[in-house]
Amino acid sequence: MSTPQRATEKVEDIEISLLLEGLYRVHGFDFRDYSRASIKRRILELLRAEKLETISAFQDKILHDNACLERFLLGVAVHATSMFRDPSFYLTFRKRVVPLLRTYPTVQIWIAGCSTGEEVYSLAILLEEERLYGKCRIYATDISQAVLRRARDGIFPLAAMRDYTTNYHQAGGAHEFSDYYTAQYDSVIFSSGLRKNVVFSEHNLATDGSFNEFQVILCRNVMIYFNRDLQARVHNLLYDSLSMFGVFGLGNKESLKFTPRAAFYEHLNEKDKLYRKVA
């Protein structure tokens, strides 16, 4: 690598640190412990989209322009998701977790990092089919108000429904997937009944604390973008928020190994990353 290139990258790294520190101090969004390689890549992509020359200029705009801040949050927070993503996870949830939930008079569920809501509606449909939804309350949280608005609206592309329908049936779906939505032009809107027991709320895993005790916590494909220190903090937060014998779900690329709470769970299904708190 040439000396000028190294100098440019050093300046960029300093600018990124200043941007993230300013974002935290002014707006309270803490990305300082996200994976640096991942956050840098996304910031540079957003910089080009904003047609700005320097990260310092981007920082100035983020700190003073709320619309730019929303675009930043949409771009930096990862929102790659789909309905019934990893169908075997939901199939295992039906077989192993649903019988446990039947033993509770009420069930509190936290979907941490809910993104645009695909996981929320997937779980609501599953619980409805298992005749459990009526006694459940789902808390769906994310760092971005913009994605929470999308999740609350329950509107998704019609073009995605073919893949979602396949996922639904592979996940043990008992009905026609189209029973749950109404098509309108190139979009679909999901039944409002699927939202009646859902609370959508802003929550930052990097800075905010626990707000309830839950029988189920799903935090799937979120922590892979955090550095090890932040992963440890979030694992402790989620553990402290989970009731004894509660169920914890991770994404298929994540693991409890080498986390501070690994010894306090038993596997319900290691392949599908579902665990039960036992200590």
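For the structure, check the block above.
Residues numbered from 1 in each chain as written. Predicted model: local features only at pLDDT ≥ 70, side-chain atom pairs only at ≥ 80, totals over all residues. Heavy atoms only, no water.

1. Examining a nonpolar patch on the surface
Okay, so step 1: A surface patch of nonpolar side chains, amounting to about 250 Å² of accessible area, comprises M244, F245 and V278.
Okay, so step 2: As for its position among the elements, M244 is in strand β8 (residues 242-249). (Patch = residues over 30% accessible without salt bridge, like charges linked within 9 Å, V, L, I, M, F, W, Y side chains within 5 Å. Areas by Shrake-Rupley, 256 points an atom, 1.4 Å probe, with all protein chains shown as cover. Salt bridge = Lys/Arg side-chain N within 4 Å of Asp/Glu carboxyl O. Helix = DSSP H or I, 4+ residues; strand = E, 2+ residues; numbered from the N terminus.)

2. Here we look at the pattern of salt bridges
Okay, so step 1: By the definition in use, this model includes 14 salt bridges.
Okay, so step 2: A salt bridge links D240 to R261, with the nearest nitrogen and oxygen atoms 3.9 Å apart. Remark: R261 occurs in the loop between β8 and β9 (265-269) and D240 occurs in helix α9 (residues 228-241); sequence separation between them is 21 residues.
Okay, so step 3: Judged by its relative accessible area of 51%, D240 falls in the exposed class.
Okay, so step 4: Each of E21, R25, D30 and R32 takes part in salt bridges that share partners, so that together they form one network. (Buried < 20%, exposed > 50% of the residue type's maximum accessible area, 1.4 Å probe, protein only.)

3. Some details on the sheet that holds strand β4 (residues 181-184)
Okay, so step 1: In space, the 3 strands of this open sheet follow the order β3-β5-β4, with antiparallel pairing throughout. Looking at strand neighbours, the two that pair on one side only are β3 (155-157) and β4, the edges of this open sheet. The mean angle between the axes of side-by-side strands here comes to 30°, regardless of whether they run parallel or antiparallel.
Okay, so step 2: Where β4 and strand β5 (residues 187-190) come together, 4 bridges link them in antiparallel fashion. Counterpart to Q184 in the pairing with β5 is S187. (Pairing = 2+ DSSP bridges. Axes fitted to C-alpha atoms, helices over the stretch in contact; angles between N-to-C directions.)

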